[in-house]
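# Examining the three-dimensional arrangement
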Amino acid sequence: MNLLSEALGGIGAVLLPIAAGLLFEELTLGGLVRLLLAPRPETGEQKEHNNPNGGMKCSH
């Protein structure tokens, strides 16, 4: 039982910095990449869509 306790303590000591590093990387670089790749909001000008109905605007 003592051996199992020591093994779990050793595995925890190895895995804790790895898990903390992955969490830190995901929160920082993952968020930055998500912000950089996010679509930009439109400038306020509405785009005209090509309609096959003779140029009539869509009702929605």
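Refer to the structure printed above.
Residues numbered from 1 in each chain as written. Predicted model: local features only at pLDDT ≥ 70, side-chain atom pairs only at ≥ 80, totals over all residues. Heavy atoms only, no water.

### Things to note about the overall build of the protein chain
Assigned secondary structure in the protein chain consists of 1 helix and 0 strands. The buried share of the protein chain, reckoned over its 60 residues, is 3%. As presented, the protein chain carries roughly 6,100 Å² of accessible surface, and 67% of it is formed by carbon and sulfur atoms. (Helix = DSSP H or I, 4+ residues; strand = E, 2+ residues; numbered from the N terminus. Buried < 20%, exposed > 50% of the residue type's maximum accessible area, 1.4 Å probe, protein only. Areas by Shrake-Rupley, 256 points an atom, 1.4 Å probe, with all protein chains shown as cover.)

### What about helix α1 (residues 2-37)?
End to end, α1 covers 51 Å across 36 residues, agreeing with the expected 52 Å (1.5 Å per residue, within 8%). The sharpest bend along α1 measures roughly 25 degrees and falls at Glu26. (Expected span 1.5 Å × (residues − 1). Bend = angle between axes of the 7 residues up to and from the residue.)

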